[in-house]
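As a plain string of letters, each chain reads:
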Amino acid sequence: MSIDQIRRDYTQRTLQRSDLLEDPIEQFQLWFNDTLEDQGDTDPTAMVLTTCADNQPTQRVVLLKGVSEQGFVFYTNYESQKGQQLARNPNCSLHFAWLQQERQITITGKAERLSTAENTHYFQSRPRASQLGAWASQQSQVIADRKSLEQRLAEVEARFAEEPVLPLPSFWGGFRVVPESIEFWQGRSGRLHDRFRYQRHSENWQLQRLQP
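Residues numbered from 1 in each chain as written. Predicted model: local features only at pLDDT ≥ 70, side-chain atom pairs only at ≥ 80, totals over all residues. Heavy atoms only, no water.

**Section: the nonpolar core**
Here comes step 1: Grouped together as the largest cluster of nonpolar side chains are 28 residues, with contacts concentrated most on Phe28, Phe72, Phe74, Phe96, Ile105 and Phe184.
Here comes step 2: Counting residues per element, the ones that place at least two in this core are helix H1 (24-37), strand S1 (46-53), strand S4 (71-77), strand S5 (91-98), strand S6 (103-113), strand S7 (172-186) and strand S8 (194-201).
Here comes step 3: Setting aside residues up to four positions removed in sequence, Phe74 forms contacts with Met47, Leu49, Val62, Leu63, Leu86, Gly173, Gly174, Phe175 and Val177. (Core = buried A, V, L, I, M, F, W, Y, C linked by side-chain atoms within 4.5 Å. Buried < 20%, exposed > 50% of the residue type's maximum accessible area, 1.4 Å probe, protein only. Helix = DSSP H or I, 4+ residues; strand = E, 2+ residues; numbered from the N terminus. Contact = heavy atoms within 4.5 Å.)

**With respect to the pairing of S6**
Here comes step 1: Bridge count between S5 and S6: eight bridges; the pairing is antiparallel. Paired with His95 across the two strands is Thr106, which belongs to S6.
Here comes step 2: If you look at the hairpin formed by S5 and S6, you'll find four residues sitting between the two strands, and Glu102 has a positive phi there, around 60°.
Here comes step 3: As paired elements, S6 and S7 share 11 bridges and run antiparallel to each other. Bridge pairing in S7 links Thr106 to Glu183. (Pairing = 2+ DSSP bridges.)

**Re the UniProt feature "binding site: substrate" (unreviewed entry) in the protein chain**
Here comes step 1: Here the UniProt feature "binding site: substrate" (unreviewed entry) sits at Arg7, Arg8, Asp9, Tyr10, Lys65, Tyr122, Arg126, Ser130, Arg191, Leu192 and His193. What stands out for the annotated residues spanning 187 residues is how far apart their C-alpha atoms range, the widest pair being 43.1 Å apart. Within the annotated group just given, the residues that line the largest pocket are Lys65, Tyr122, Arg126 and Ser130.
Here comes step 2: Examined against the element boundaries, Arg7 turns out to sit in the segment before H1.
Here comes step 3: On the basis of relative accessible area, Arg7 is assigned to the exposed category, the value being 61%.
Here comes step 4: Side-chain polar atoms of Arg7 contact the side chain of Gln5, separated by 3.1 Å.
Here comes step 5: Its location among the elements puts Asp9 in the segment before H1. (UniProt positions renumbered as here; feature names shortened; annotations may be inferred. 1 Å grid on protein atoms, 1.4 Å probe; cavity = no way out; pocket = protein on both sides within 12 Å on 5 of 7 lines; lining within 4 Å. Polar contact = N/O pair within 3.5 Å; in protein donor to acceptor, adjacent residues only side chain to side chain.)

**Re the pattern of salt bridges**
Here comes step 1: A full pass over the atoms with the stated rule returns 11 salt bridges.
Here comes step 2: Close ionic contact of Glu180 with Lys110 constitutes a salt bridge, the shortest N to O distance being 3.2 Å. Placement of Glu180 in strand S7 and of Lys110 in strand S6 is noted, with a sequence separation of 70 residues between them.
Here comes step 3: On the basis of relative accessible area, Glu180 is assigned to the partly exposed category, the value being 33%.
Here comes step 4: A salt bridge links Glu183 to Arg195; the nearest nitrogen and oxygen atoms lie 2.7 Å apart. In this pair, Glu183 sits in strand S7 while Arg195 sits in strand S8, placing the two residues 12 residues apart along the sequence. (Salt bridge = Lys/Arg side-chain N within 4 Å of Asp/Glu carboxyl O.)

**Details of the side chain of Asp194**
Here comes step 1: One can find Asp194 in strand S8.
Here comes step 2: One polar contact links Asp194 to Arg188, side chain to side chain, over a distance of 2.7 Å.
Here comes step 3: Setting aside chain neighbours within four positions, we find Asp194 in contact with Thr14, Leu15, Gln16, Phe184, Trp185, Gln186, Arg188 and Arg209.

**Things to note about the environment of Arg126**
Here comes step 1: Along the polypeptide, Arg126 turns up in the loop between helix H3 (116-123) and helix H4 (128-136).
Here comes step 2: Taking the C-alpha atoms as reference points, Arg126 and Arg103, 23 residues apart in sequence, are found 30 Å from one another.
Here comes step 3: For Arg126, the contacting residues outside a window of four places in its chain are Gln131, Ala134 and Trp172.

**Examining the packing of aromatic side chains**
Remark: the centre distance and the inter-plane angle together describe each pair of aromatic rings, the angle taken between the planes.
Here comes step 1: On inspection of all chains with the given rule, the structure shows 17 aromatic pairs.
Here comes step 2: Measuring from centroid to centroid gives 5.2 Å for Trp31 and Phe184, while their planes differ by 90°, and the two rings are edge-to-face. Here the residue Trp31 occupies a position in helix H1, and Phe184 occupies one in strand S7, the gap between them amounting to 153 residues. Here Trp31 matches Phe184 in class, with each residue buried.
Here comes step 3: Geometrically, the ring pair formed by Phe184 and Tyr198 is edge-to-face, given 5.6 Å between the ring centres and 75° between the ring planes. Highlighted residues: Phe184 in strand S7 and Tyr198 in strand S8, separated in sequence by 14 residues. For the pair Phe184 and Tyr198, a shared accessibility class is recorded, and that class is buried.
Here comes step 4: Between the NZ or CZ atom of Arg113 and the centre of the ring of Tyr78, over which it lies, the distance is 3.7 Å. (Phe/Tyr/Trp six-rings, centres within 6.5 Å; stacked < 30°, edge-to-face > 60°. Lys NZ or Arg CZ within 6 Å of the ring centre and 35° of its normal.)

Below you can see the structure in the form of structure tokens.
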């Protein structure tokens, strides 16, 4: 079958204005819980983060590590490509594709760094292997080969061998994306999808239906 003949009709659900809560964060959590209950989705926290600097957008998958009325949290190396781009331009977007449920969510907003206390608390809750990996990797930097990376890891393991708790690296931490708009997309048959966008206006949210 040729690529242009691959199709899928979306028939599982509908989405009406009356289905949506007034608070988009609560609505997100409702859909997220639905996704958690669906055993077909193996990575519900995966989200595409889009950043842009020097008129060059880039994307990558990161993992959601917290959500509240303040925003959506993920962690990274601050010296990575995304970390440097967000430092120069905090405007960004997040995208969740929960295709088992025929649903998508798109969030636009501004990223802000978390506090050292928040970063330390989360970093030290991670598995030790993940902590060591964060120390070993100069994320986004060129490296000669896999062996060189493994050598860096071995050096870090030796450095912290006697320390039961690893310190927080100065170059590692979290961002909170403070949302300005949140769009909920529900697939429908014939490509007449249901789309609703919450737009922040001061302290309130305005909800509008969008054409598919």
